[in-house]
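Structural overview for review
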Amino acid sequence: MSTLLEIKSSVLRQVQVCPSFRRRTEEEPASSSTEVPEPAAGAWKPGDGVEFFAQMRLILKKGESRQGLPCPEVLLRSSSPAPTEPMDPSRGLRALTQEEVEMLYEEALYTVLYRAGTMGPDQVDDQGALLSYLQQVFGTSPEEHAEAMERVKKAKAPTYALKVSVMRAKNLLAKDPNGFSDPYCMLGILPASGTLREPGPHKEQRFSFRKGSKRSGPLPAKCIQVTEVKSSTLNPVWKEHFLFEIEDVSTDQLHLDIWDHDDDVSLVEACRKLNEVIGLKGMSRYFKQIVKSARTNGTAGPTEDHTDDFLGCLNIPIREVPVAGEDRWFKLEPRSSASRVQGDCQLVLKLITTQRDTSMSQRGRSGFLSYLLLLSRLLQFEHQAEEPNSSSWRGELSGPAATVLCLHGAQSNLSALQLAVLHWQVSSRHHQTRTLDYGYLLGLLEDMQAHWEEAASLPQEQEEGLADSFSAFSEFGLRLLRQLRDYFPATNSTAVYRLELLLKCLGKLQLFQPSFEICPFETELNMDIAAALKRGNREWFDKLLNSQSPREQPGPQRLAGLVELADTVYEDLQSCYGIYASLFHSIIKIDFFTLTFRQLERLVAEEAWVLTEELSLKMTLEVASGLFELYLTLADIQRFWSSIPGRDSRSLALAGIHAPFLPAVKLWLQVLRDQARWRLQGAVDVDTLEPMDSSSKHSSSAATASLCFSHIQELWARLAWPDPAQAQGLGTQLSQDLCEAALFYTELLRKKVDTQPGAAGEAVSEPLCVVLNDVELLRKAAGQALCGLAWPEGAPGLEGVLPRPLLSCMQALDEDLQREARTVTAHLTSKMVGDIRKYVQHISLSPDSIQNEEAMAPLLKYLDEKLALLNASLVKENLSRVLEALWELLLQAILQALGANRDVSADFYGRFHFTLEALVNFFHAEGQGLPLESLRDGSYKRLEEELRLHQCSTRECIEQYYLDKLKQRSLEHNRFGRLSVRCHYEAAEQRLVVEVLHAADLLPLDANGLSDPFVIVELGPPHLFPLVRSQRTQVKSRTLHPVYDELFYFSVPAEACRRRGACVLFTVMDHDWLSTNDFAGEAALGLGSIGGVARPQVGGSARAGQPVTLHLRRPRAQVRSALRMLEGRNNKEAQEFVKRLKELEKYMAADP
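Things to note about the environment of leucine 254
When you line up the elements, leucine 254 lands in strand S5 (residues 253-260). On the basis of relative accessible area, leucine 254 is assigned to the buried category, the value being 2%. Once the C-alpha coordinates of leucine 254 and phenylalanine 244 are considered, the two residues, 10 residues apart in sequence, prove to be 9.1 Å apart. In contact with leucine 254, not counting residues within four places along its chain, are Leu162, Val164, Leu187, Gly188, Ile189, Phe244, Leu314, Asn315, Ile316, Ile318 and Leu349.

And the structure:
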């Protein structure tokens, strides 16, 4: 921008020229023009780069979802119903013939009509409702129903029997001397008539129900049976089972007595058991037995008092036994009001039928088979009431269905294990024809497992049927697992939960495998599952390959499909790791992720190797773009494997896959370079150089540029090229391209703002503020992007350290952009130069009668207004830049004002000193503005010194001149050489002794490369030593290391040597015979530090002190400032001092 180049502000003059990226690019002929360079022929179609970066954003978006290991909460995005599983009617139970259906219907009616026992609260007690329900289930007409009912009513009633399991008793009375009892049970059926029906032959016939009274006979009973005697216990456990035929279900009763068994005991045996007596109560019972035994001489008849003791009894009407049977504790009852009993007895009761007059029974169909067919019929009927496609039905049966099944199971004397087996067989078969909830099936397996551990094994025929159901279900499950991704997609939480339950079902089947005499599985089930998963993986991959990238297509056409296939494989591997792997491992101990990853990774690698070899000879930009995207996904697959602890990607089939992709990546990065320029060009073209919105202070093009650089950084991070040497080449080129793009953008901005019309009289330009903010945003974005372009250098311990080429590139670009920001800042503040000078002149011209605050008020008001506008328009970093530039402008304006006013009053300089301090506070703003360190540095020090000197007398200025020389001593090094001297003060003689020893490394000021040096020694300031003249050493010809060893004496009082600024000045000159002498350097030594001045020396005039080495130098600006101050004074002393110094300056040549 031409206007910017013409700025002559002080800020621009301080910009130092340094090596920069801009300079390197400007040296190239192709970049000397401000026009956008044309990309290589055949590049991506020209445009504004929007389409290209939109495509790149899609690539990056894929990478965002691949950061780290997948989380199940992220993958499970849907809770919709699971996909419908396959249904095959042929996999259900065999269809019944019409005759079999009629027999089954008759069986069901018979079960309802001849039910016995008490119905439970959840069962249907209404016989009519049950019969009506069966009519609906079988779909019989009223006539068919009536005929069936007639046949059933004519049939003979079933024979009932009661299954009694005497389990245990607790808390019985102690009847024996040892504090225990020897209990046993006697039980039988009491008919309603109360007369005993003669039982058949029984091994327990010696036992009978007894009464303690001799006046009555035994109670009538039938089928009296007895348990074993459990010795010495009050909590006996029997677990004995009995079967009693029931004559009349409505009137018969089950009667049970518990007795304490007492054998005939002799006196000798009773004495022998003396140690078993427990307590005083047992002791009295023991003596009683001894007396009875002695009276009968050890024998007792059946009617004596020492027969078995009664412990309690139970009377249970048969009609009160629940239909489903019951397992409960019964409280023992006394046989009379005088009896004393306690305790409870646990019984398991079940009312069954032993003979059934039905067609199925007559044809030898067992109750097991009848129940299976009836359950299947009811299950189909009940499931039809659900939604047609519902897969969540859990086998909930209606009240009538559950009642009918309960009646039939009880009457058929089916055990709990048999019932569990039947429900599993029917439900698992039904599931294959119409889907059920796997949780329901799992519950059936768990119920069957629980009963399997308690009960005896099944008959062989029933076990074979169960084994067949296991085989059918496992085959069905394996078919589903082969199509895992179709039926149990990882994104569907409902389907994943169904998969978990299915695996648990299959896991349960493995638990049953050792329990079968006839094994339903030829191999281990988990081996079959692993084989099914492998086969399913291959089928899934082949299906994808054939649909997306068929092998018969040409390579360029296959490429896009292979990219999609690789993306799909990656997503599938994420699902395998995040969802499926934990299920398969925890339930059936299969490492599904490793199995799948190894298989799919190998298949993808095979396709990628073949395709890259084919396309290596057909490389175009379109092919390079596709290969680049394909490589990113393949690299993601490798990184996915490596990110899992304990996994090494070097063993993968994809190891080394990056090599054939290198040409495509290089070509794609070239396209990226051109597209980035086009994108920036288009963004600047439509930019209005206005803030995007109220919350931002930069324009739209800066946001676009920042986003482009961010995308480039993200892309490099995704690329993560594994070969260090190749990565360095790619990274170096990409970083250079990025720097060139950044500088190209600033040039576009410069041209854009140059065409903006400026408002007349506008001191703060909003477009310039926006451009300045744009440059700052670009600087940060480019710096961050370059930091992200680091590549591995291979050396150990360098992680996190930027490579040197990248660091150099970053520093050069930052310098260029900082310079650009200072340039725009200078242009922005240049419009305020005139106003600032005007207000500073107002301060200088204000009469002394006006207060300092009033004189500077217009300037502060002006600054406050402009800085308020700048604060609203600039970001913090740019506001600091503008404040620094304005501060420098103010300091220069005040310095100019001081230079324009000579020989004015001290109040004039006092006012500017006040103004300077007020401006420091204004720009510091209580810590919110510029730091005090930067405010009081540079030009401020010069101005403050000048103000101070203006307020000093002539002699104070001269003293300051010498003080500045003394301060300058430590600032120079060996550039002008060194001089060794030794000084001391002789108090007795009141003289200063100066010894010039030697010099070294002087400047060669003659044509022969040597010098003829001599040293002038003088004391200063002159007004302190008015009578002392300077002295000089001899000339040492043609040397740069002269040795003098000369003594000089100066008669001066010690008080003068202690004065402010008192020093000895050594001036080294080069003697020229035919022209004036040349100045070689000077050095000053303060007299206050010389031995004998501060403290009188012991020993009078004896020499003391060590040699002092002084570094020669030339007067600097801070020394000459005091000289300039004296030049402006008209008094004689100042003019004579200046005149003498100017004569010395004639000898000073420019630095060699």
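Moving on from the model shown.
What to know about the pattern of salt bridges
Following the criterion strictly, the structure yields 34 salt bridges and no others. Here arginine 677 and glutamate 740 are joined by a salt bridge, their closest N and O atoms 3.9 Å apart. You can see arginine 677 sitting in helix H23 (residues 662-685) and its partner glutamate 740 sitting in helix H25 (residues 724-754), a full 63 residues away along the chain. By relative accessible area, arginine 677 is classed as buried at 15%.

Description of the sheet that holds strand S1 (residues 159-170)
If you trace the 4 strands from one edge of the open sheet to the other, you get S4-S1-S8-S7, paired in antiparallel fashion. Across the chains shown, the open sheet's two edge strands, defined by having one partner strand only, are strand S4 (237-246) and strand S7 (326-331). Strand-to-strand twist of the sheet, defined as the mean angle between neighbouring strand axes without regard to direction, takes the value 25 degrees. As paired strands, S7 and strand S8 (residues 344-355) are joined by 6 bridges and run antiparallel to one another. Within S8, the position partnered with glutamate 326 by the bridge is leucine 349.

Quick notes on unusual backbone geometry
Trans is the prevailing form of peptide bonds, just as negative phi is the prevailing case for residues other than glycine. Omega for the peptide link from glycine 1020 to proline 1021 comes to -5 degrees, which places this bond in the cis form. Mapping proline 1021 onto the fold places it in the loop between strand S11 (1013-1020) and strand S12 (1031-1032). We note that glutamate 926 has phi near 55 degrees; this positive angle belongs to a residue other than glycine. Here glutamate 926 lies in the loop between helix H31 (906-924) and helix H32 (932-935). Looking at glutamate 926, the relative accessible area reads 77%, which means it is exposed.

What about the sheet that holds strand S9 (residues 978-986)?
Strand order in this open sheet of 4 strands is S13-S10-S9-S16, and the pairing throughout is antiparallel. The open sheet has two free edges, formed respectively by strand S13 (1043-1050) and strand S16 (1108-1111), since each of these has just one partner strand. Averaged over all neighbouring strand pairs, the angle between strand axes comes to 25 degrees, with direction disregarded. Pairing analysis gives 4 bridges linking S9 to S16, with the strands arranged antiparallel. When the bridges of S16 are listed, serine 980 appears paired with threonine 1109.

Digging into the side chain of histidine 145
Its place among the elements puts histidine 145 in helix H8 (residues 142-154). The class for histidine 145 is buried, based on a relative accessible area of 14%. In contact with histidine 145, other than residues within four places in its own chain, are Tyr105, Leu109, Leu131, Gln135 and Thr140.

A word on the pairing of S1
Within S1, 9 of the 12 residues are buried, leaving the element largely enclosed by the surrounding structure. Note that S1 and S8 share 11 bridges and pair antiparallel. Pairing of lysine 170 across the sheet is with aspartate 344, part of S8.

Thoughts on H23
Between the first and last C-alpha of H23 there are 35 Å, a value that for 24 residues agrees with the 34 Å anticipated at 1.5 Å per step. In terms of burial, H23 is a largely internal element, 18 of the 24 residues being buried.

Regarding the packing of aromatic side chains
Tallying each qualifying case throughout the model produces 25 aromatic pairs. Geometrically, the ring pair formed by tyrosine 105 and phenylalanine 138 is tilted, given 5.0 Å between the ring centres and 50 degrees between the ring planes. Here the residue tyrosine 105 occupies a position in helix H6 (residues 98-113), and phenylalanine 138 occupies one in helix H7 (residues 127-138), the gap between them amounting to 33 residues. Tyrosine 105 gets classed as buried once you look at its relative accessible area, which sits at 4%. Classification of phenylalanine 138 as buried rests on a relative accessible area of 7%.

Brief notes about the packing of H7 against helix H12 (residues 367-384)
Axis separation between H7 and H12 bottoms out at 10 Å; the angle between their running directions is 80 degrees. Considering the angle they form, H7 stands roughly perpendicular to H12. Counting all contacts with H7, which are made through Tyr133, Gln136, Val137 and Phe138, the residues of H12 involved are Leu374, Arg377, Leu378, Phe381 and Glu382. Broken down by class, the residue content of the contact of H7 with H12 amounts to 6 nonpolar, 1 polar and 2 charged.

Side note on the packing of H7 against helix H13 (residues 399-411)
Taken N-terminus to C-terminus, the directions of H7 and H13 make an angle of 100 degrees; their axes are 10 Å apart at the nearest point. It follows from the interaxial angle that H7 and H13 lie roughly perpendicular. On H13, the residues that touch Leu130, Tyr133 and Leu134 of H7 are Pro400, Ala401, Thr403, Val404 and Leu407. Here the residues of the contact of H7 with H13 are counted per class, giving 7 nonpolar, 1 polar and no charged.

Thoughts on the environment of alanine 664
With respect to the helices and strands, the residue alanine 664 is situated in helix H23. Look past the residues within four positions of alanine 664 in its chain and what remains in contact with it is Met619, Ala624 and Leu627.

Focus on a negative patch on the surface
On the surface, a cluster of negative charge is made up of Glu102, Glu143, Glu144 and Glu147. The element contributing the most residues to the negative patch is H8, with 3 residues. Mapped onto the secondary structure, glutamate 143 falls in helix H8. With relative accessibility at 53%, the residue glutamate 143 sits in the exposed group.

Some details on the confidence of the model for the chain
In this model, the chain carries a mean pLDDT of 81, and residues with pLDDT of at least 70 account for 81%. Across residues 1-19, where pLDDT falls below 50, the model places 33 contacts with residues more than four positions away in sequence or in other chains. Per-residue pLDDT stays below 50 along residues 794-798; that stretch engages in 1 contact with residues further than four places along the chain or on separate chains.

Definitions and cut-offs
Residues numbered from 1 in each chain as written. Predicted model: local features only at pLDDT ≥ 70, side-chain atom pairs only at ≥ 80, totals over all residues. Heavy atoms only, no water. Helix = DSSP H or I, 4+ residues; strand = E, 2+ residues; numbered from the N terminus. Buried < 20%, exposed > 50% of the residue type's maximum accessible area, 1.4 Å probe, protein only. Contact = heavy atoms within 4.5 Å. Salt bridge = Lys/Arg side-chain N within 4 Å of Asp/Glu carboxyl O. Pairing = 2+ DSSP bridges. Axes fitted to C-alpha atoms, helices over the stretch in contact; angles between N-to-C directions. Expected span 1.5 Å × (residues − 1). Phe/Tyr/Trp six-rings, centres within 6.5 Å; stacked < 30°, edge-to-face > 60°. Parallel < 35°, antiparallel > 145°, perpendicular 65-115°, else oblique. Nonpolar A, V, L, I, M, F, W, Y, C, P; charged D, E, K, R; others polar. Patch = residues over 30% accessible without salt bridge, like charges linked within 9 Å, V, L, I, M, F, W, Y side chains within 5 Å. Areas by Shrake-Rupley, 256 points an atom, 1.4 Å probe, with all protein chains shown as cover. Lys, Arg positive; Asp, Glu negative; His and termini not counted. Charge placed at Lys NZ, Arg CZ, Asp CG, Glu CD. pLDDT = per-residue confidence, 0-100.

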